[in-house]
Amino acid sequence: MLSGRFRAFDSRIEPITVDKILASAAIPTVFPAVRLSDGVYWDGLFSQNPPVREVLDSRPDELWVIQINATAIAEEPRTVLDIADRRNELAGNLSLFQELSSIETIDRLLDQGTLAADGPYRPIVVRILELSRTRLSRLLGPSSKLNRDRDFLEELICQGGQQADEFLTALRFEAAWRAGDGATLLQMLADDLEVVSEPPFPHQGPLSGAQALAFVCDYLLPNVRVDLTRAQHTSERVAWTVIARYADATGPGRVEAEIRDGRVSRILLGPLPA
């Protein structure tokens, strides 16, 4: 906080003590700064959120990010408290998105062959699980972030478990899709599946039931490829950037899926967001 130098505490280098955990949670205006032997610290929100670069030192195949700050909100914040809260969310997301963007850039350069596959870089699949705001937290607003009520915390834990189940279901669905495993894919689709397809994909829908299942097997499975150089995003829906083959051309698009009771209940195919 005094020197302006940013620091990530790394258990591979030094023990993580209680004071270091407190320093990592010392949010300005909420908690006082924490004094360690080499300086005075605030929470690292303004520098690395989370410290992605340090994680990359272990050369992972995939990077899973649990994003607690909302990317988008429904209404313009108008009170001083709401504005400060949204500014805090945007500041935290800015550093996160900058680091993830650099990973995606390297992934695309590797995929294009601009960077050598046997060089110092390797592709990393990025998956983002964004926690959606619960009904209660929306009603309470920014003050809910300091709410320690037992019922409220249990609701958050329950919501986190449900979103984790959806995230893992999406991983299984994607694995079957990428492997061309139609039998497993069909098992993961709800009997009342609904499909809506818009350009650049063939215009179809809404299709339901047997027609929807046939569209997934006859078109999605053989003609649409997941673009692993772009992050997969799970929030209210699961979203993939894809490369689609249609007519005699190929192009980028977006596939979104809604998951209910461990099965995919709705699939939307359409253009990338503007």
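Residues numbered from 1 in each chain as written. Predicted model: local features only at pLDDT ≥ 70, side-chain atom pairs only at ≥ 80, totals over all residues. Heavy atoms only, no water.

(A) Focus on the overall build of the protein. When you go through the protein residue by residue, the secondary structure sums to 7 helices and 11 strands. Dimensions of the protein along its principal axes, counting C-alpha atoms only, are 65 × 50 × 30 Å. Excluding contacts between residues fewer than 6 apart, the proportion of contacts in the protein whose partners are at least 24 apart in sequence is 55%. Carbon and sulfur atoms provide 56% of the accessible area of the protein, an area that totals close to 16200 Å². Side chains of the protein give 29 positive and 39 negative charges; the mean places of these two sets differ by 4 Å. (Helix = DSSP H or I, 4+ residues; strand = E, 2+ residues; numbered from the N terminus. Contact = heavy atoms within 4.5 Å. Areas by Shrake-Rupley, 256 points an atom, 1.4 Å probe, with all protein chains shown as cover. Lys, Arg positive; Asp, Glu negative; His and termini not counted. Charge placed at Lys NZ, Arg CZ, Asp CG, Glu CD.)

(B) Structural context of the pattern of salt bridges. Considering all chains together, one arrives at 18 salt bridges under this definition. Two residues, Arg12 and Asp10, come together in a salt bridge whose shortest N-O distance is 3.2 Å. Where Glu14 meets Lys20, a salt bridge forms, and the shortest distance between an N and an O atom there is 3.3 Å. Classification of Glu14 as partly exposed rests on a relative accessible area of 22%. (Salt bridge = Lys/Arg side-chain N within 4 Å of Asp/Glu carboxyl O. Buried < 20%, exposed > 50% of the residue type's maximum accessible area, 1.4 Å probe, protein only.)

(C) Here's a closer look at the pairing of strand β3 (residues 62-67). By the alternation rule, side chains of β3 split into Leu63, Val65 and Gln67, which are all buried, and Glu62, Trp64 and Ile66, of which none is buried. Sheet topology places β3 next to strand β4 (residues 125-130); 6 bridges connect them, and they run parallel. Counted as the bridge partner of Leu63 is Val126 from β4. For the crossover from β3 across helix α3 (residues 80-112) to β4, the handedness is right-handed. (Pairing = 2+ DSSP bridges. Right-handed = clockwise from strand over helix to strand, strands pointing away.)

(D) Focus on unusual backbone geometry. The peptide bond linking Pro199 to Pro200 adopts the cis configuration, its omega dihedral lying at 15 degrees. For Pro200, the position within the fold is in the loop between β5 (189-197) and β6 (204-208). For Arg59, which is not glycine, the phi dihedral falls at a positive 55 degrees. Checked against the element boundaries, Arg59 lands in the loop between α2 (52-56) and β3. One non-glycine residue, Asp261, lies in positive phi territory at about 55 degrees. By secondary structure assignment, the location of Asp261 is in the loop between β10 (249-260) and β11 (263-270).

(E) How the structure looks around the packing of aromatic side chains. Overall, the coordinates contain 6 aromatic pairs when judged by the stated rule. An aromatic cluster is defined as three or more aromatic residues linked by ring pairs; in this entry it consists of Phe173, Trp177 and Trp240. (Phe/Tyr/Trp six-rings, centres within 6.5 Å; stacked < 30°, edge-to-face > 60°.)

(F) A nonpolar patch on the surface, seen in detail. Residues Ile27, Val30, Phe31 and Leu146 make up a contiguous nonpolar surface patch of about 340 Å² in total accessible area. Its place among the elements puts Phe31 in the loop between α1 (18-24) and β1 (34-36). Since its relative accessible area comes to 44%, Phe31 is described here as partly exposed. (Patch = residues over 30% accessible without salt bridge, like charges linked within 9 Å, V, L, I, M, F, W, Y side chains within 5 Å.)

(G) A look at α3. Look at α3: 47 Å from first C-alpha to last across 33 residues, which is about the 48 Å you get at 1.5 Å a residue. After α3 finishes, the residue Gly113 shows a positive phi value of roughly 85 degrees. (Expected span 1.5 Å × (residues − 1).)

(H) Quick look at the pairing of β6. For β5 and β6, the ladder comprises 3 bridges, and the chain directions are antiparallel. In the sheet register, Ser197 faces β6, and the bridge partner there is Gln204. The antiparallel hairpin formed by β5 and β6 contains 6 residues in its connecting segment.

(I) Just the nonpolar core, in detail. Membership of the largest hydrophobic core comes to 29 residues, with the highest contact counts inside it found for Phe173, Trp177, Trp240, Val255 and Ile267. Broken down by secondary-structure element, the contributors of at least two residues to this core are α5 (150-179), β5, α7 (210-223), β7 (224-226), β9 (238-246), β10 and β11. Ranked by the residues each element gives to this core, the list is headed by α7, at 6 residues. When residues no more than four places from it in sequence are discounted, the contact partners of Ile267 are Phe173, Leu189, Leu193, Glu194, Val195, Val196, Val216, Leu220, Val255, Glu256 and Ala257. (Core = buried A, V, L, I, M, F, W, Y, C linked by side-chain atoms within 4.5 Å.)

Nothing here speaks to function; it is all geometry.
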